Amino acid sequence: MKFVGLSGALAGHKTSHMVFKVLHAAKLQNQDIEIELIDLKDYDVEFMRGYPLSYYNDDTQLVVNKLLEADCIVIGTPVYQASISGSLKNLLDFLPERAFRDKIVGFISTAGSDKYFLVAEYHLRPIIQFLGGVVPSRNVFVPDSSFNVESEIDDDLIDRRIMKFSEEFLKLSKK
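Residue indices follow the written sequence of each chain, beginning from 1 at its first position. In keeping with the predicted nature of the model, local features appear solely for residues at pLDDT of at least 70, side-chain atom pairs appear and are counted solely at 80 or more, and the whole-chain, interface and lining totals rest on all residues. With hydrogens and water stripped out, all remaining heavy atoms of the structure feed into the side-chain values.

As recorded by an unreviewed UniProt entry, the protein chain carries the name NADH-dependent FMN reductase and is attributed to Caldibacillus thermoamylovorans.

In C-alpha cells, the structure reads:
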C-alpha cells in the first residue's frame, strides 16, 4: 500500500511537519506500507489553465501522477484568508473527475487561531468527495499554539489525535 502525504503550503515548515507526522504514525503501525511526502514548495507546479496534463511541465505531471498512483492520501493545508491554500487548490484543479475513487483521502490543517478549525472540513471535504475519495470520519486541526519555535508539534493531545487519525486510515484501507 502506498500512503502519500501532500503538504499544500509554499512557505514555512509547519504544514509539511504535520503531514510527515501522520505518515510516520502510520508507518509505526504498519511497517509494510510505503510512505512518501510531497511538499509543494519543492516542486514547480504550474498554474492550471485548462489544458490536458501533458501540456504542463514535468513537476506538475509528476505530482499529479503520484497522487493518482497513491492508495491513501493525507492532505495538509494552512488556512489563509479563511480558506485552504491557493497552491493546494490549484493542484487539485489538475485532477480528473473521480481521481480519488476508492482512495482513502483525509486532511490535516493549521491556522493562527482556533476559530478556523472547520475551514478544511468545509473546503476540502467537498472537493475530496467530488473526486470520489473516501474521507475518514476524523481529521486533525493543529493551532499555531501547538507548535514550538522549530515549527514542530509540541502537544501530546495533537500527537494522540494524529495517531488515531493514522489508525483510521489503516483500518479503512483494509476494506
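Read on for the rest.
Peer 1: Please give an account of the sheet that holds strand β1 (residues 2-7) that cites residues and values.
Peer 2: Only strands that DSSP links by at least two bridges are regarded as paired with each other. Put simply, DSSP H or I for four residues or longer makes a helix, DSSP E for two residues or longer makes a strand, and each gets a number counted from the N terminus. Reading across from one edge, β2-β1-β3-β4-β5 is the order of the 5 strands in this open sheet, with parallel pairing throughout. The open sheet has two edge strands, β2 (34-39) and β5 (140-143), and neither has a second partner. Between one strand axis and the next, the sheet turns by 15 degrees as a mean value, whatever way the strands run. The strands that helix α2 (residues 58-69) touches are β1, β2 and β3 (72-78); relative to β2, the one it contacts most, it runs at about 145 degrees. Should any heavy atoms of two residues lie within 4.5 Å, those residues are considered in contact. Every axis corresponds to a line fitted to the C-alpha atoms, with the helix fit spanning only the stretch in contact, and the corresponding angles, defined between N-to-C directions, vary from 0 to 180 degrees. Across the sheet, helix α4 (residues 119-130) lies against β3 and β4 (104-111), angled at about 160 degrees from β4, the strand it touches most.

Peer 1: So what's going on with the pattern of salt bridges? Which residues, and what values?
Peer 2: Here a salt bridge means any side-chain nitrogen of Lys or Arg lying within 4 Å of a carboxyl oxygen belonging to Asp or Glu. If you walk through the whole model with that rule in mind, you get 11 salt bridges. Of the charged contacts, one joins E46 and R49 as a salt bridge, the two residues approaching to 3.4 Å between their closest N and O atoms. The cut-offs for exposure are 20% and 50% of the maximum accessible area for each residue type, with area from a 1.4 Å probe on protein chains only; residues under the lower value are buried, those over the upper are exposed, and the others partly exposed. Residue class for R49 comes out partly exposed when judged on its relative accessible area of 43%. One salt bridge connects K89 with D93, and the closest N-O pair in it is separated by 2.4 Å. Looking at K89, the relative accessible area reads 35%, which means it is partly exposed. When salt bridges with common partners are traced through the structure, they connect K2, E34, E36 and K66 into a single cluster.

Peer 1: Residue-level account of helix α5 (residues 156-173), with values.
Peer 2: Each residue after the first adds 1.5 Å to the expected span of a helix. Between its terminal C-alpha atoms α5 stretches 26 Å, which fits the 26 Å expected from 18 residues at 1.5 Å a residue. Those residues of α5 lying buried are I158, I162, F165, S166, E168, F169 and L170. Pairs of N or O atoms within 3.5 Å make up the polar contacts considered here, provided that, within protein, one atom can donate a hydrogen while the other can accept it, and that residues adjacent in sequence are counted only when both atoms are side-chain atoms. For α5, the side-chain oxygen to backbone nitrogen distance between the N-cap and L157 is 2.9 Å, and the N-cap itself is D155.

Peer 1: Got a sec to walk through the pairing of β1? Specific residues and values, please.
Peer 2: The buried fraction of β1 is high, at 5 of 6 residues. Looking at chain direction, β1 and β2 are connected through 6 bridges and run parallel. Bridge assignment links S7 to a residue of β2, and that residue is D39. For the handedness criterion, the strands are oriented away from the viewer, and a crossover whose path from the first strand over the helix to the second runs clockwise is classed as right-handed. Each parallel crossover has a hand, and the one from β1 via helix α1 (residues 14-29) to β2 is right-handed.

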